[in-house]
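# Secondary and tertiary structure notes
Read off the chains here:
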Amino acid sequence: MSSTGHRLREALLWSVEIVVLLVAFALLHLARNLHFHTQPPSPQWSRHLTAGLGSMNTPPGADTMLDESLFLGWAADQGTGYARVTPLGQIELTGTVPPLTPEAKVRSVSLARIPLTKEEAVDLFWIETLRTPTLVGAGLDGAGGVVWGPRPVLDGVRSYALARSRGPGAPPPRLVVGRDDEIRVYQLPAGAPPAPAGPALRWPELYYVDGQVDRSGQLHLVVTGKNETGSVTLSYLTQGADGAWGEPVTVAQFRVSDRQTLRCPRLGLDLERAHVFYSLEDTRPVTGKAVMYYLSFPLEAPAPAQPQKLALFTDLLGAPSETVNDACPSPGQADSLELAVTSIVGRTRLRRYQEVVTLRFEGGAAGPPAAACCTRGASLSPILAPTPDGSDQYLAWLDTAGFRNYRVTVASTSEAFSRQLNRMTARDWLGAFLDTLVNLGLALPLTFVACFWLTVPFVVVGAGHFFALGWAERRPWPLALFAIGLHVLGKGYYVHRSFYGSPLTTVAMPVWMKSGPVVYLIPLALAAVAGFNLWRYSRLHPPRSPIGAYGRFAAVDTALTLVLYSPFILT
């Protein structure tokens, strides 16, 4: 070949490589930004809509407007992002409110609808962290225009909550702010910054505060006190419409060990009872799990209550939840209380799935759960926002979308929202195709794992064939069987050291079969299938070398193992 033809061939190869790389980058970009969702995991909830992209895994803020649209706020790169989602599942407006201090990081965004005389507005609050945590607020009109702020509300803030009510003619929300040693409550006047409501309440060793406003306008609070020894006190108290504080009641006391983390207690109300939810998370890296507890006591006679475990079992994955976290009760007071939580389900020991689950509390007891989403990544910090008449619910949460990126995701129980979102479009089909490509790409590393149990047997048969060529051709079976034995031992050891169990053993089998000798016999069963295939084939085509005999066995056995143990194919 001439030098010119050689250069043309090299240029063509380089062009092909560049095109392949560009296509690969384009597919990765699409897979990251084209958020594909399968059919909803439960008929109660719609498919999901991505409303924006956040930069921190702190809960978004959400509230519904009188036209049943949803207003959202979240921590973004350049400040506080917001969006309005219509009842038909369309994003109506988006924008960002800049932080008070450009260098500060925004976290813990909350949002509440503020009724005006002729229109509606929302108040956004967030914590900026630079030197000290500072609570900052801003008011927006229904079109996203800034009415007031951003301006600081209070510095040195440890915790805050937007206590809201619900229903027609609901009382206005209130802003509750907790510092190290006091609690302050603010009214939220229409189109103006917060105004103090009553005197501050001294509260030493305050850790967390949460609140709700009932139908009469009374503020209900649960206050968490936590000292350095790990002793935690949950107290319940009220503040009347005149700003006067009621007498606090200790409803629970417990200790948190050095290996546990207390996840922020939350308060929910129905017509007769108050419910307090909290979780204790074990921080050990391997065995760490979180267990959620709840207290329930009458509103008329609050008293210490026995904590109950919140155990979840959804039909979607057919396994009990290993971790329950991120409790978010529905705001205000209603006939029954809706609760949203995140739950981690170990479908296999290698692969765990995360759900956002909703359930209803009636009479102090939890009803059956309904899964709103199920992902292989992390779905974090759900928040419920009922429509003004309470007939439907919006649910917002965060989905991981790469390093320090979180999709602000929305689902709804509304029939109109579901009808619009549940339709499959060309975008969905493209997303499904890219999702399949990504899953197959994630499964490819498992094929390299097979080298760990294939290398030694192939070296043995290769060396035997090379050093004993005549004998190996006359009698291929002894060396082939020896290599098959090494293969079975090596694969069985590596699989159960690294993968523990397959999806088939951990999902399809009954509970009594998920441990013990049955699980350890799975690799032997696969080897038996491959051996039977080799025996049937050798009756028609006797092997001429140990490499051919072992190669056929290894190909069948390894293919079955990869399919059975790959969590990306069967789960």
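Keep in mind it's a predicted model, so treat the numbers as computed, not measured. (Residues numbered from 1 in each chain as written. Predicted model: local features only at pLDDT ≥ 70, side-chain atom pairs only at ≥ 80, totals over all residues. Heavy atoms only, no water.)

Looking at where Pro369 falls in the secondary structure, it is placed in the loop between β28 (365–366) and β29 (370–375). Separated by 30 residues in the primary sequence, Pro369 and Leu339 have C-alpha atoms spaced 9.5 Å apart. In contact with Pro369, not counting residues within four places along its chain, are Leu312, Phe313, Thr314, Val357, Thr358 and Leu359. (Helix = DSSP H or I, 4+ residues; strand = E, 2+ residues; numbered from the N terminus. Contact = heavy atoms within 4.5 Å.)

By size, the foremost hydrophobic cluster in this structure holds 21 residues, and its most contacted members are Leu70, Leu72, Val85, Val410 and Phe417. Elements with a minimum of two residues in this core: β1 (49–54), β3 (70–76), β4 (79–85), β30 (379–386), β31 (393–400), β32 (406–412) and α2 (415–421). Counting residues per element, this core draws most heavily on β3, which supplies 4 residues. Residue contacts for Val85: discarding those within four places in its chain leaves Leu49, Ala51, Ser69, Leu70, Leu72, Gln90 and Phe417. Counting residues in hydrophobic clusters, the runner-up holds 20 residues, among them Val222, Ala252, Phe254 and Val276. (Core = buried A, V, L, I, M, F, W, Y, C linked by side-chain atoms within 4.5 Å. Buried < 20%, exposed > 50% of the residue type's maximum accessible area, 1.4 Å probe, protein only.)

Ordered in space as β2-β3-β4-β5, the 4 strands form an open sheet in which the pairing is antiparallel. Two strands bound the open sheet, and with one partner strand each, they are β2 (61–64) and β5 (91–97). Each strand axis lies, on average, 15° off the axis of its neighbour in the sheet, ignoring direction. (Pairing = 2+ DSSP bridges. Axes fitted to C-alpha atoms, helices over the stretch in contact; angles between N-to-C directions.)

With that settled, consider the pattern of salt bridges. Pairs can form between side chains of opposite charge once their charged atoms are near each other. For the coordinates displayed, the defined rule picks out 14 salt bridges. Arg263 serves as the salt-bridge partner of Glu281, at 2.7 Å between the closest nitrogen and oxygen. Of the two residues, Glu281 is situated in strand β20 (residues 273–282) and Arg263 in strand β19 (residues 260–270); the sequence distance between them amounts to 18 residues. Judged by relative accessible area, Arg263 falls into the partly exposed class, the value being 26%. Where salt bridges share partners, they join Asp155, Arg179, Glu182 and Arg184 into one cluster. (Salt bridge = Lys/Arg side-chain N within 4 Å of Asp/Glu carboxyl O.)

Going through the model one piece at a time under the given rule, you end up with 11 aromatic pairs. Summarising the aromatic geometry, the rings of Phe277 and Phe361 are spaced 5.1 Å apart at their centres and angled 70° between planes, so their arrangement reads as edge-to-face. Within this pair, whereas Phe277 is found in strand β20, its partner Phe361 is found in strand β27 (residues 353–362), the two being separated by 84 residues in sequence. Classification of Phe277 as buried rests on a relative accessible area of 0%. (Phe/Tyr/Trp six-rings, centres within 6.5 Å; stacked < 30°, edge-to-face > 60°.)

A few words on helix α9 (residues 522–540). For an α-helix the count is 3.6 residues per turn, leaving residues at separations of three or four pointing the same way. With 19 residues, α9 should reach 27 Å at 1.5 Å per residue; the first-to-last C-alpha distance of 28 Å fits that figure. Of the positions making up α9, those classed as buried are Ile522, Pro523, Leu526, Ala527, Ala530, Leu534 and Ser538. The buried residues of α9 occupy an angular sector of 150° when the element is viewed end-on, so they sit on one face. What points out from α9, more than 90 degrees from its buried face, is the exposed set Arg539 and Leu540. (Expected span 1.5 Å × (residues − 1). Arc of directions from axis to C-beta.)

Here Asp399 is to be found in strand β31. Here Asp399 is buried and forms no salt bridge, its nearest opposite-charge partner Arg407 lying at an N-O distance of 5.8 Å. Among the polar contacts listed, one links the side chain of Asp399 to the side chain of Thr409, at a separation of 3.5 Å. (Lys, Arg positive; Asp, Glu negative; His and termini not counted. Polar contact = N/O pair within 3.5 Å; in protein donor to acceptor, adjacent residues only side chain to side chain.)

Along the chain, Gly149 connects to Pro150 via a cis peptide bond; the corresponding omega equals 0°. Positionally, Pro150 belongs in strand β9 (residues 146–155). Backbone geometry places Glu205, a non-glycine residue, at a positive phi of 60°. With respect to the element layout, Glu205 can be found in the loop between β14 (201–202) and β15 (206–213). Classification of Glu205 as partly exposed rests on a relative accessible area of 49%. Of note in this structure, Asp326 is not a glycine but carries a positive phi near 55°. In this fold, Asp326 is placed in strand β24 (residues 319–329).

Honestly, that's just the spatial picture; any functional story needs more than this.
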